Structure formats: C-alpha cells, structure tokens
Amino acid sequence: MGVPGPLDVPPRNRAVEGLRGYALIAAMWIRSTMTYRTSFLLSTFGNAAITLLDFVAISIMFSHVDELGGFTLPETALLYGSCSASLGLADLLLGNTDRIGARIRDGSLDTMLVRPVPVLAQVAADRFALRRLGRIAQGLGVLGWAVSDLDQLDWTVGKVLLVPVMIVAGAGIFGAVMVAGAAFQFVAGDAAEVQNSFTYGGCTMLQYPPTVFAKDLLRGVTFIVPLAFVNWLPALYVLGRPDPLGLPAWAAFASPLVALAVFVPVSLAWRAGVRSYRSTGS
C-alpha cells in the first residue's frame, strides 16, 4: 500500500491541520512584523489612510449633490464601510492567494506540496500582512459614523444583528472569489489581475448605491458572481429600501448561506487545480 498523500487525508483532519498550520505560519509572520513595531504602525496607518481616500472622493461628490441614485451620504457610507471592512477581512486572511501564479511559475509551490499542511493554508498564510488591519479599521470607522448618523432609522434587533453578519458573510464571499481566482491560476499561469477585478473592483462597485447601475449588471452580480450579497441586499433591508430586482425580503438574510454555497464549488476547483499541477522541474 502506498503512503497517503495530502489529498488523501480525511476532510475533517485536513481542515483541522489546515487551520493549525495557517495559525502557526501567520503567528510566525506576526512575530516578525512586531520586531519593527514603529514600521508596523506606520504601514498600518498608511494602509488605512490610502484606502480612506476612496471615501474622501465620495464625500467630495456629495458636496455637489444631495443624493446619488436616491441615497444620501450616510446611506452610501453604510455601503462603503461594510464593503471595505468585508474586503479588508478577506484580504487579511486570504489575500496572499493571488501569489499562487508566481509560485507556479518559479516552482516554489513544489516545496509546499511536500509539507504536511494543506497547500491553501500555506499559500494564504505566507507573508501574512497584519498591516491590512488598516483597511478593516477605516471601513469600520466609516460604518460606525454612518450608523450613528442614521438614527432616524427603525433599528430593530434584526437590523442591528444583520450589520455584523453582513460584514463576516461578505468577507466569506470575497474570500471564495479569491480562492476561485487562485484556482484559475493553475490553468492561466498568472491571473492575479483577473482576481483583483472581482475583489477590489467589485468592492469599488459595491461602495455605490445599486440604483445607479443597469439591471443587467445587478442580475450578473446577484445570480452569477453573487457580490450583491456582500452588502447591497442586506444594506437595502437595513435602510428600508426596496430591491431594484424585486427579490423577496428573505434574500437580505441569505448572505451566510450564499458564502457557504459558493465555497463548495470553489473548494472543488481548488482541489482540481492542485491535482492538475505539474512541477516546473526546477
């Protein structure tokens, strides 16, 4: 009998080993980062300041108009803050998956394949960048301001709980897109920019009200690449606004289920990509 490989380990054990390996690798990089604390603080602040410029641009736009697509500045800030926090969380945990193309080309992926830790955990945790907390912090800051300025809303228990669920589930959806992009790189060789167009580009789109976009685009980001579940649908429920596509009210609460549903085919695509990998021979 042959020796079982990494893909032959029972799924439960593989998941546990993956989380454990991810935590150990991330902790190693965090210790390295904390060696230079001043540099870490400056880079984190810079990360937050640079990403905040997007909201500054939105604020300047609202200095010339009262509403955008029927949304006020605090309502748009709710969209911006929730999306930015979700992407920041996904970027912190899985953002390094876009490096897989470079590892395939230079052959360094071979080293990861012989280690007793799932490849995805190694790729995601490699060069773990704690400075990405800056994007999360500024997103939560803008979101907090938006919530405090929307005190005229009827804040039910369901709406209050939906806000953190929206952020976490949105991070899950963005994370699934990142892993899907990484799996595609086994075929394309290098498709990091394609992946970024759906993550960073998608977040830029979600920062604006859905009412300013054509319905064909709304259908695409709802039923094909379900980015609308990151914040549009939950936020519309929180704001008491109708969905432009006329979806039922329960769709606002479907984000966690959508995140789980998306991860199923994505995980299969990742496993297929790893199985199809052929060493560079270097």
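Predicted model only: the values in this text are computed from it and were never measured.

Asker: I keep staring at the overall build of the chain and nothing clicks. Help me out?
Answerer: A count of helices and strands for the chain gives 12 helices and zero strands. When the helices and strands of the chain are placed in sequence order, the string is α-α-α-α-α-α-α-α-α-α-α-α. Compactness check: the chain gives a C-alpha radius of gyration of 20 Å against a globular reference of 19 Å for 282 residues, within 12% of the reference. By principal-axis analysis of the C-alpha atoms, the chain measures approximately 65 × 45 × 35 Å. Going through the 282 residues of the chain one by one, you find that 46% of them count as buried. The long-range share in the chain, meaning contacts at least 24 apart out of those at least 6 apart in sequence, stands at 79%. Summing over all exposed atoms, the chain offers an accessible surface of approximately 14,000 Å²; the carbon and sulfur share of this is 67%. Across the chain, 20 positive and 18 negative side-chain charges occur, with their mean positions spaced 12 Å apart.

Asker: I would appreciate a short explanation of empty space enclosed by the protein in the present structure.
Answerer: Over the atoms rolls a probe the size of a water molecule, and in doing so it shows where empty space is left. This model, assessed by the stated rule, comprises one cavity of 30 Å³ or more. Looking at the lining of the largest cavity, the elements that each hand over two or more residues are α10 (215–224) and α11 (232–239). Element by element, the count of residues in the lining of the largest cavity is highest for α11, at three residues. When its residues are assigned to classes, the lining of the largest cavity shows nine nonpolar, one polar and one charged.

Asker: So what exactly am I meant to see when it comes to the side chain of D243 here?
Answerer: Here D243 shows up in the loop between α11 and α12 (255–276). No salt bridge is formed by the buried D243. Its closest oppositely charged neighbour is K215, at 8.8 Å. Beyond its immediate sequence surroundings of up to four residues, D243 is in contact with L233 and L236.

How each quantity is defined
- Residues numbered from 1 in each chain as written.
- Predicted model: local features only at pLDDT ≥ 70, side-chain atom pairs only at ≥ 80, totals over all residues.
- Heavy atoms only, no water.
- Helix = DSSP H or I, 4+ residues; strand = E, 2+ residues; numbered from the N terminus.
- Rg over C-alpha atoms; globule rule 2.2 N^0.38 Å.
- Buried < 20%, exposed > 50% of the residue type's maximum accessible area, 1.4 Å probe, protein only.
- Contact = heavy atoms within 4.5 Å.
- Areas by Shrake-Rupley, 256 points an atom, 1.4 Å probe, with all protein chains shown as cover.
- Lys, Arg positive; Asp, Glu negative; His and termini not counted.
- Charge placed at Lys NZ, Arg CZ, Asp CG, Glu CD.
- 1 Å grid on protein atoms, 1.4 Å probe; cavity = no way out; pocket = protein on both sides within 12 Å on 5 of 7 lines; lining within 4 Å.
- Points joined across faces, edges and corners; volume = space filled by probe spheres on them.
- Nonpolar A, V, L, I, M, F, W, Y, C, P; charged D, E, K, R; others polar.
- Salt bridge = Lys/Arg side-chain N within 4 Å of Asp/Glu carboxyl O.

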